[in-house]
Amino acid sequence: MKELLTYIIQNLVDHPDEVSVTEREGGGGTVFEVRVADGDMGKVIGRQGRIIKEVRVLMKAVAQKKGKKVSVEVID
């Protein structure tokens, strides 16, 4: 799942080499922390948070098929 999230985020930004996704366990599931270049933050979040919301929905759907819980956080 980490690879899928990395692929999605890298295709949204201008600087795909600066995308970092870390995975940690916590809160009853897996938490993915996404870090991008400062100029790419708006592209990942989108207007009124629409893009990151859809990324979260997609990741939760994939996790649900595997019987897991995930959340995605964008870190400054």
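Scroll up a little and you will see the structure.
In this text the structure is predicted, and so the values were computed from the model without any measurement. (Residues numbered from 1 in each chain as written. Predicted model: local features only at pLDDT ≥ 70, side-chain atom pairs only at ≥ 80, totals over all residues. Heavy atoms only, no water.)

### Structural notes on the pattern of salt bridges
Link 1 in the chain: Applying the stated criterion to the full structure yields four salt bridges.
Link 2 in the chain: Here R35 makes a salt bridge to E33, at a shortest N to O gap of 3.7 Å.
Link 3 in the chain: Exposure remark for R35: the relative accessible area of 35% places this residue in the partly exposed category.
Link 4 in the chain: Take E33: its relative accessible area is 14%, and that puts it in the buried class.
Link 5 in the chain: Sharing partners across several salt bridges, the network here consists of R24, E33, R35 and E73. (Salt bridge = Lys/Arg side-chain N within 4 Å of Asp/Glu carboxyl O. Buried < 20%, exposed > 50% of the residue type's maximum accessible area, 1.4 Å probe, protein only.)

### Brief notes about the side chain of T30
Link 1 in the chain: Within the secondary structure layout, T30 lies in strand β2 (residues 29-35).
Link 2 in the chain: In this structure the side chain of T30 is engaged in a polar contact, spanning 3.1 Å, whose partner is the side chain of E25.
Link 3 in the chain: Not counting the four nearest positions on each side in its chain, T30 is found in contact with E23, R24, E25, K69, V70 and S71. (Helix = DSSP H or I, 4+ residues; strand = E, 2+ residues; numbered from the N terminus. Polar contact = N/O pair within 3.5 Å; in protein donor to acceptor, adjacent residues only side chain to side chain. Contact = heavy atoms within 4.5 Å.)

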